[in-house]
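# Structural characterization, general
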Amino acid sequence: MIVGSQEKKHHGGKGTEKYRLFLCIVPFLILVFLFSYFPLYGWVYALYDYKAPLKLSQCDFVGLKWFKSLFSNPTQVRQLLIVMKNTFAMSLLSIATSFFPVLFAVFLNEVKCKWFKNLVQTLTTLPNFISWTLVYSVAFCLFSSTGMLNSLLQDMGVISEPLKILDSDKHVWLQMILWSTWKGLGWGAIMYLAGIAGIDPELYDAANVDGAGRWQRIKNITIPLIMPTYFVMLMLNVANFLNNGMDQYFVFQNSFNKQNIQVLDLYVYNIGMTGKSLSLATAIGILKSFVSVTLLAVVNFVSKKTRGESIL
């Protein structure tokens, strides 16, 4: 009887613990619903010829008109192809440079001076918390026609006319990926530094006993053990191939580089807010969401088949 009551009490305690854990995540579930699922109601605007500030009931129902216009209007198709080229270029460059945080984390981990290591990590992580508006302000002060770089070069007699850096359509993709790398390098390395910290120190001790040098320890222990983390992050980047974000490109765009800097997210914003065609912008956003979900499913399937692990 005593044993039975103890087992019942034990099971009752486990049940209570499960409810407590569930209550802990309820606020986050509510936030996810409010900010990720509830806004999907706005997709209905893609089925109407919406004119602000009218109510939706006062606008004409047009069905799939906006979806058809994306592929039937030659001008629209041509512009969309340019936007997709920019989007694919920026996404491919982002994937191609995704190993930079890995290398930075590996090399930073090898720094033995603790205060210098903390200083470098802090200085490289801070840019992630700076808004793109402030980043552009820094870029304008440094690289505009009247910025510090041009003023310095002209004073030294190196150039006679200011260099066109920000107000030029040349090397726009390269500029964007460099600014993005500078802003996110330290933040992206945090996860890999955490992975390196979780490696069993006995592996390094055993390697030292066997006479392995620093480069051999990095090559045979550090990098192989953080590769699973890198592949998961890489697959998430591939799944978000069309999601470049808008902030960076919005602040850096101007009349000179608009054709080369306008990615899909910025294009949707420009159509909806500048072009005042909210319905068309919503239709493009819906198609982008479906493509992103499809890419995520494909990447998850490939991961499960090749690595035996899925990300969902």
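The structure under discussion appears in the preceding block.
Now for a look at the structure at hand. (Residues numbered from 1 in each chain as written. Predicted model: local features only at pLDDT ≥ 70, side-chain atom pairs only at ≥ 80, totals over all residues. Heavy atoms only, no water.)

Another point: empty space enclosed by the protein. As enumerated under the stated definition, the model contains one cavity of 30 Å³ or more in all. The volume enclosed by the largest cavity comes to roughly 40 Å³. Taken together, Ile165, Leu166, Ser168, Val172, Gln175, Met176, Phe252 and Asn257 form the lining of the largest cavity. In terms of residue count, the dominant contributor to the lining of the largest cavity is helix α8 (residues 172-197) (three residues). (1 Å grid on protein atoms, 1.4 Å probe; cavity = no way out; pocket = protein on both sides within 12 Å on 5 of 7 lines; lining within 4 Å. Points joined across faces, edges and corners; volume = space filled by probe spheres on them. Helix = DSSP H or I, 4+ residues; strand = E, 2+ residues; numbered from the N terminus.)

Glancing now at the environment of Ser289. With respect to the helices and strands, the residue Ser289 is situated in helix α14 (residues 278-306). The spatial distance from the C-alpha of Ser289 to the C-alpha of Leu242 is 8.7 Å, given a sequence separation of 47 residues.

Estimated volume of the largest pocket: approximately 1000 Å³. As for the largest pocket, its lining consists of 35 residues, and the residues nearest its centre are Ser94, Ser98, Ser180, Gly184 and Asn237. Going through the elements one at a time, α3 (74-96), α4 (100-109), α8, α10 (214-239) and α11 (247-252) are the ones with two or more residues in the lining of the largest pocket. It is α8 that provides the largest number of residues to the lining of the largest pocket, a total of eleven residues. Residue composition of the lining of the largest pocket, by class: 18 nonpolar, 15 polar and two charged. (Nonpolar A, V, L, I, M, F, W, Y, C, P; charged D, E, K, R; others polar.)

With the rule as written, the count across this model stands at 17 aromatic pairs. Ring geometry for Phe88 and Phe241: centres 4.9 Å apart, planes at 75°, overall edge-to-face. Pair noted here: Phe88 is in helix α3 and Phe241 is in the loop between α10 and α11, with a separation of 153 residues, a long-range link. The exposure class of Phe88 is partly exposed, given its relative accessible area of 37%. You can call Phe241 buried: its relative accessible area is 12%. Ring centres of Tyr230 and Phe231 lie 5.8 Å apart, and the angle between their planes is 55°; this geometry places the pair in the tilted category. What makes Tyr230 buried here is its relative accessible area of 12%. By relative accessible area, Phe231 is classed as partly exposed at 34%. What links up through ring pairs into an aromatic cluster is the set Trp132, Tyr136, Phe140, Phe143, Trp179, Trp182 and Phe252. The ring of Trp66 carries the charged tip of Lys65 above its face, separated from the ring centre by 4.8 Å. One residue, Lys183, lies across the ring of Trp132, its end atom 5.2 Å from the ring centre. (Phe/Tyr/Trp six-rings, centres within 6.5 Å; stacked < 30°, edge-to-face > 60°. Buried < 20%, exposed > 50% of the residue type's maximum accessible area, 1.4 Å probe, protein only. Lys NZ or Arg CZ within 6 Å of the ring centre and 35° of its normal.)

Glancing now at the packing of α10 against α14. Where α10 contacts α14, the axes come no closer than 8 Å and their chain directions differ by 150°. Looking at the two axes, α10 sits roughly antiparallel to α14. With respect to the hand of their crossing, α10 and α14 are arranged in right-handed fashion. Of the residues in α14, those touching α10 at Met235, Val238 and Ala239 are Ser292, Leu295, Leu296, Val299 and Ser303. (Axes fitted to C-alpha atoms, helices over the stretch in contact; angles between N-to-C directions. Parallel < 35°, antiparallel > 145°, perpendicular 65-115°, else oblique. Left-handed = near helix turned anticlockwise from the far one by under 90°. Contact = heavy atoms within 4.5 Å.)

This next bit is on the pattern of salt bridges. Under the defined criterion, the tally for this structure stands at four salt bridges. Between Lys51 and Asp49 there is a salt bridge, with the nearest N and O atoms lying 3.8 Å from each other. For Asp49, a relative accessible area of 18% puts it in the buried group. Residue Lys164 is joined to Asp167 by a salt bridge in which the shortest nitrogen-to-oxygen separation is 3.8 Å. When its relative accessible area of 52% is taken as the criterion, Lys164 is described as exposed. (Salt bridge = Lys/Arg side-chain N within 4 Å of Asp/Glu carboxyl O.)

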